[in-house]
Amino acid sequence: MPTVFVDGEPIVLETSDNLLEALLAKGVDLPYFCWHPAMGSVGACRQCAVVQFRDESDTQGRIVMSCMTPVTEGARFSVDADNARNFRTSVIENLMINHPHDCPVCEEGGECHLQDMTVMAGHRDRKYRGRKTTFRNQYLGPLVGHEMNRCITCYRCVRFYQDYAGGHDLAAFASRDHVYFGRADDGVLQNEFAGNLVEVCPTGVFTDKPLARHYTRKWDFQSAPSICVGCSLGCNTHVSERYGELRRIHNRYNQAINGYFLCDRGRYGGDFVNSPDRIPYIGIRGETNVFEAVPADEGLTHVARLFEKASTVIGIGSPRASIESNFMLRQLVGKENYYSGVSDRTRTINALALEILETTSAKLVTLKEVETHDAVLILGEDTTNHAPRLALSLRQATRIRSRELADGAQIPEWHDAAVRKIGQKQLSPLVVATPYQDRLDDVARLAIRETPDNIAKLGFEIAASLSAGDEKGQVGEICRILKSARRPLIVTGSSLGNGEILKAAANIATNLASHNQDTGLVVCLDECNSTGVSVLDQNPSGLDGLLGGSRIDVALVLENDLATRLAAHEFRALLDRIDHLVVIDHIDNATASVADVVLPAATFAEAQGTYVNNQGMAQRAFAVFPPRHDIAPSWEWLTRLGQVVGKPGFDDISHVDSVIAWCETEVEALTGIAGVAPDLDFRISGARIPRMTHRYSGRTAMHAHINVHEPQQPVDVGSPLAFTMEGATQNVPPSLRTTSWAPGWNSNQSINKFQEEPGGALKGGDRSVCIIDKRESNRLFEPSEPDPVGADELPLVARHHIFGSEALSGRSPAIAGLVPHAYCVIHPKVAARLSVESGDGLGYEMAGETHEIEVIVDAGVADGCVIYAYGFADTAPLQNTVAKVFRRAGNWTRRPARSADVITSDRSH
């Protein structure tokens, strides 16, 4: 490691760093704009200037940009030299010439990187008195606002959007000294990661539009560390509230998982917490079939009486509920009566995925490690719509070839513009096998369109060829790509609902790993706790097994709308078997609406809980504000109910830590999850960690319309966090850090003060515990016969949408505007057989009822199947169904043209 001299002081730096990155790692404050730790250097803003000297005798030196200067042994620099300071001050003054100086009304105020750097660079007085250049702002959709007049032309936005996220509809338009960052025309940004522009932009050009509806200054947020519940990847988030409402979800840096970026579902999909459909009180269905609100004790006593009279009590859990809540439900009803709350097909796939994770000899890689694999096979998984943040990492993996070429030319990886220049269009190989067009097709070497059964067959052929060495045709080409890679990666998942695909992918990974120990495997699942629920589920049957047999006296449903898990006739059949339905949920839905008793549950923003992601990493989410009315965490309702009915062990439960301790003793696979975060007794010098910032304002006036006296802040007895602005803010463990702030660094760029180095691990480590216990290696799975399909039937294929297929995020107002209407897609050959065109309707029979749905004809999908939009009310009858007979709908009325406020699923529509 070389030693450089900065203002006369020797500093030992990493050789791979540029000077800016190295100085920031050493705690030296140096202003910058265009550089970003995830995107490297381009030297566009000229703000990070320092003086470099030839040797000890050189007193004049020369101005260099630290972000473009490599670290070399014995180099001499000055950050504090007058000419360096004056240069930086002049740069920021020029950048601010056309800026409107509207900090008091700017939504970025108080968290603005431009504000921080202006102060740091020493610019104070405005000298320019000329006319400012002004621009017209654009409509960019319901998620991102646009205020172009605040731009300082750092180019971060287009570098992220185009180069990093693969977007094509945002660009820099320039004429003379006018540079405009936007779209060619007003319209919705057509990229699933557009919301990151809000954090990437160092000014207020791109703003959080949903936040603007009920705007709050950043220092007035109460925030807590949380986990995204939008998919199975377990991205880390900061959740913020004001006045008892969730106001914003921001990225929380975790090097291994989400890094600096979130998908738009995770960023904007949490607004269901504020839904008017929230359930605030216990409701009991009265004799008039209307819910009546009752006190909590009365409601629990009523449920206890139902339990006492019942001979059969079952518990239906949920993969979107925490480990703690699902475990307490299992303890209440007995593990033989606990169901994981998903269909038999989904349950089988989840159990298979867990078995694969435990038995594969391939490495289980994190999202960060995905970016280091130089050849990728995606087998039957729509990553962009099913596990979006993974798609962003896969896009970075295709750039490894550019980095290899740059390394050969001795160009450092951080020199982003040069790396992209030498790489041109050369990409590392990516093979995508899906039934329909994929958003990653534009960076794929080979895109294969086949039905799920054929994709599984292809996978087994690849696995066999890897073992036998027979490399012919398309299978041989894929084998050669994987075998020639230094670090091959196999990606698969449950989006197509086909377990054979997972088996085939596991076999490929195992056979590759026998020759290459750096082979990686990623298995995506449907929901935030699918893996955790699979560990708890010891029942031989899923929901489908409840559709027949004897009656059920009481069914207790935990945070689960069964109407979204089963077809409509199956849902009705299940309800017919249940005498008394008790629901614990936070939002009204089809299941809660037909319950006998409803208990109001807290959401992820109001309750502490543990979630296990798709790769078996357990992580903790903390409540950002206490629940109101009678709302309580689900595990707490179940604990109180267990105490009322006299269940053994329930009297010992007083807080979430005691639930976790009990869980560890009962479920061997979950041993160690207590170590995910410090326990409730954790203190720093006797103080809790505050959820509010030290600049929090208005606390004494928030309730002035009710009482002029400031009420006592609520006490969180279940965690080391406090609902207050008082407490410890130094040396806070990453799993408990509620905000990122450092002196002089008010923006999210302050995260570099908490990292070992920019872009590196957090000081103290990213807290998570892997529950996967590798019990054997080299396990190969035998293929099973595909589901039978009648001669006149067409196989059904589910197609997920990032907006609409996940039920809770679809209730967020901003997301709801991006949800397309339900549809199905068929190949032109199928359309010809059915005599339909795009916009026509397809009809089919289900349980004696006739259903119709709009059809789209697309040559880019697999022939011989019907692909339907998953998770929509109009396509719900098709779920859990293998194939159907379709016909042209007779009296179909064509819909109006598709809304412009919809992000298309592929680039052809």
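Predicted model, so just to flag it, every value in this text is computed and none were measured.

**Concerning the overall build of the protein**
Counting its regular elements, the protein contains 25 helices and 37 strands. Whereas a compact globule of 909 residues would reach a radius of gyration of roughly 29 Å, the protein reaches 28 Å, a difference of no more than 12%. Across its three principal axes, the protein shows a C-alpha extent of roughly 90 × 75 × 55 Å. Counting all 909 residues of the protein, 60% fall into the buried class. Within the protein, counting contacts between residues at least 6 apart in sequence, those at least 24 apart form 74% of the total. A total accessible area of about 34600 Å² is found for the protein, and carbon and sulfur atoms account for 49% of it. Charged side chains in the protein number 89 positive and 113 negative. The centres of these two groups are separated by 6 Å.

**Structural notes on the side chain of Glu 147**
Of note, Glu 147 is situated in the loop between β6 (144–146) and α4 (156–164). Buried Glu 147, no salt bridge; nearest opposite-charge side chain is Arg 150, N-O distance 4.8 Å. Setting aside chain neighbours within four positions, we find Glu 147 in contact with Asn 137, Gly 204 and Val 205.

**Considerations on the side chain of His 586**
Looking at where His 586 falls in the secondary structure, it is placed in the loop between β24 (578–585) and α21 (590–593). His 586 sits in the buried class, given a relative accessible area of 2%. In this structure His 586 touches Phe 272, Asp 277, Arg 278, Ile 279, Arg 320, Glu 559, Ala 601, Ala 602, Thr 603 and Leu 808, once residues within four positions along its chain are discounted.

**A look at the sheet that holds strand β23 (residues 552–558)**
Spatially, the 7 strands line up as an open sheet ordered β14-β13-β25-β24-β23-β15-β16, and their pairing is mixed. Looking at which strands have only one partner, the edges of the open sheet turn out to be β14 (291–294) and β16 (338–339). Pairing between strand β13 (residues 282–285) and β14: 4 bridges, direction antiparallel. Bridge pairing links Ile 282 to Val 294 in β14. Strands in contact with helix α8 (residues 296–309) are β13, β14, β15 (313–316), β23, β24 and β25 (597–600); relative to β13, the strand with the most contacts, it is inclined by about 50°.

**Some points on the pattern of salt bridges**
Taken as a whole, this structure holds 38 salt bridges when the rule is applied. Taking the shortest distance from any N to any O, the salt bridge between Asp 416 and Arg 159 comes out at 3.5 Å. One end of the pair, Asp 416, is in helix α15 (residues 416–423); the other, Arg 159, is in helix α4, and 257 residues separate them in sequence. We note that Asp 416, like Arg 159, is buried. Residue Asp 169 is joined to Arg 183 by a salt bridge in which the shortest nitrogen-to-oxygen separation is 2.3 Å. Taken together, the residues span a long stretch of sequence, with Asp 169 in the loop between α4 and β7 (171–175) and Arg 183 in the loop between β8 (178–182) and α5 (197–200) at a distance of 14 residues.

**Some points on helix α22 (residues 634–645)**
Three- or four-residue spacings in an α-helix give side chains the same orientation, since the helix completes a turn every 3.6 residues. Taking 1.5 Å per residue as the helical rise, α22 with its 12 residues ought to reach 16 Å, and the 17 Å between its terminal C-alpha atoms agrees with that figure. Taken residue by residue, α22 has Ser 634, Trp 635, Trp 637, Leu 638, Thr 639, Leu 641 and Gly 642 as its buried positions. Backbone geometry just downstream of α22 places Gly 646 in the positive-phi region, at approximately 80°.

**Notes on the sheet that holds strand β22 (residues 520–524)**
The sheet built from 6 strands is open, its strands ordered β17-β22-β21-β18-β19-β20 with parallel pairing. At either end of the open sheet lies a strand with only one pairing partner, and these are β17 (363–364) and β20 (446–449). The pairing of strand β18 (residues 375–379) with strand β19 (residues 430–434) spans 4 bridges and is classified as parallel. Opposite Val 376, over in β19, you have Leu 430 as the bridge partner. Of the strands in this sheet, β18, β21 (488–493) and β22 touch helix α18 (residues 499–513), which is tilted by about 165° from β21.

**Structural notes on the pairing of β8**
Of all 5 residues making up β8, 4 are buried, and the element is well covered by its neighbours. When β7 meets β8, the two strands line up antiparallel, connected through 5 bridges. The partner of Phe 173 across the bridge, within β8, is Tyr 180. Linking two consecutive strands that pair antiparallel, namely β7 and β8, is a turn of 2 residues; a positive phi of about 55° is found at Arg 176 within it.

**Structural notes on the packing of aromatic side chains**
Per the counting criterion, the structure on display carries 13 aromatic pairs. With 5.1 Å between their ring centres and 85° between their planes, Tyr 155 and Phe 181 make a pair best called edge-to-face. Of the two residues, Tyr 155 sits in the loop between β6 and α4 while Phe 181 sits in strand β8, which places them 26 residues apart along the sequence. Between Phe 272 and Phe 604, the ring centres sit 5.9 Å apart and the planes meet at 45°, which makes this aromatic pair tilted. With Phe 272 in the loop between α7 (264–268) and β13 and Phe 604 in the loop between β25 and β26 (609–612), the pair connects residues that are 332 residues apart, well separated along the chain. With relative accessibility at 3%, the residue Phe 272 sits in the buried group. You can call Phe 604 buried: its relative accessible area is 7%.

**Re the packing of helix α10 (residues 344–359) against α18**
Contact geometry for α10 and α18: axes closest at 10 Å, N-to-C directions at 10°. Relative to α18, the element α10 lies roughly parallel. Contact residues: α10 offers Ile 349, Leu 352, Ala 353 and Ile 356, while α18 offers Gly 499, Leu 502, Lys 503 and Ala 506. The residue makeup of the contact of α10 with α18, split by class, is 6 nonpolar, 1 polar and 1 charged.

**Considering the environment of Asp 588**
Tracing the sequence through the fold places Asp 588 in the loop between β24 and α21. On the accessibility criterion, Asp 588 (35% relative accessible area) is partly exposed. The spatial distance from the C-alpha of Asp 588 to the C-alpha of Asp 858 is 37 Å, given a sequence separation of 270 residues. Discounting residues that sit within four places of it in the chain, Asp 588 has contacts with Asp 277, Ile 279, Ser 593 and Arg 811.

**Quick look at unusual backbone geometry**
Unusually for a residue other than glycine, Tyr 243 sits at a positive phi of about 55°. Assignment of secondary structure puts Tyr 243 in the loop between β11 (236–242) and β12 (245–251). A positive phi is found at Ala 847, a non-glycine position, where the angle reads about 55°. Relative to the helices and strands, Ala 847 is located in the loop between β33 (841–846) and β34 (849–857).

**Description of the nonpolar core**
Core analysis: the largest hydrophobic core is formed by 122 residues, its most contacted members being Met 328, Ile 462, Ile 490, Ile 508, Leu 556, Leu 670 and Phe 886. In this structure Ile 508 touches Leu 377, Leu 379, Gly 459, Ile 462, Ala 463, Leu 466, Leu 482 and Ile 490, once residues within four positions along its chain are discounted. Counting residues in each nonpolar core, the second largest holds 40 residues, with Leu 140, Leu 143, Cys 157 and Tyr 268 among its members.

**Observations regarding α15**
For α15, the full list of buried residues reads Asp 416, Ala 418, Val 419 and Gly 423. On an axial view of α15, the arc spanned by its buried residues comes to 165°, and they lie on one face. Tucked inside the fold, the buried residues of α15 contact α4 and α14 (400–408). Just downstream of α15, Gln 424 is the residue with a positive phi angle, here 50°.

**A few points about the pairing of β26**
Both faces of β26 are covered, namely the face carrying Gly 609 and Tyr 611 and the face carrying Thr 610 and Val 612. As paired elements, β26 and strand β27 (residues 617–621) share 4 bridges and run antiparallel to each other. Along β27, the bridge assignment pairs Gly 609 with Ala 621. Between β26 and β27, which pair antiparallel and follow one another directly, the connecting turn spans 4 residues, one of which, Gly 616, has a positive phi of 85°.

Conventions adopted
- Residues numbered from 1 in each chain as written.
- Predicted model: local features only at pLDDT ≥ 70, side-chain atom pairs only at ≥ 80, totals over all residues.
- Heavy atoms only, no water.
- Helix = DSSP H or I, 4+ residues; strand = E, 2+ residues; numbered from the N terminus.
- Rg over C-alpha atoms; globule rule 2.2 N^0.38 Å.
- Buried < 20%, exposed > 50% of the residue type's maximum accessible area, 1.4 Å probe, protein only.
- Contact = heavy atoms within 4.5 Å.
- Areas by Shrake-Rupley, 256 points an atom, 1.4 Å probe, with all protein chains shown as cover.
- Lys, Arg positive; Asp, Glu negative; His and termini not counted.
- Charge placed at Lys NZ, Arg CZ, Asp CG, Glu CD.
- Salt bridge = Lys/Arg side-chain N within 4 Å of Asp/Glu carboxyl O.
- Pairing = 2+ DSSP bridges.
- Axes fitted to C-alpha atoms, helices over the stretch in contact; angles between N-to-C directions.
- Expected span 1.5 Å × (residues − 1).
- Phe/Tyr/Trp six-rings, centres within 6.5 Å; stacked < 30°, edge-to-face > 60°.
- Parallel < 35°, antiparallel > 145°, perpendicular 65-115°, else oblique.
- Nonpolar A, V, L, I, M, F, W, Y, C, P; charged D, E, K, R; others polar.
- Core = buried A, V, L, I, M, F, W, Y, C linked by side-chain atoms within 4.5 Å.
- Arc of directions from axis to C-beta.

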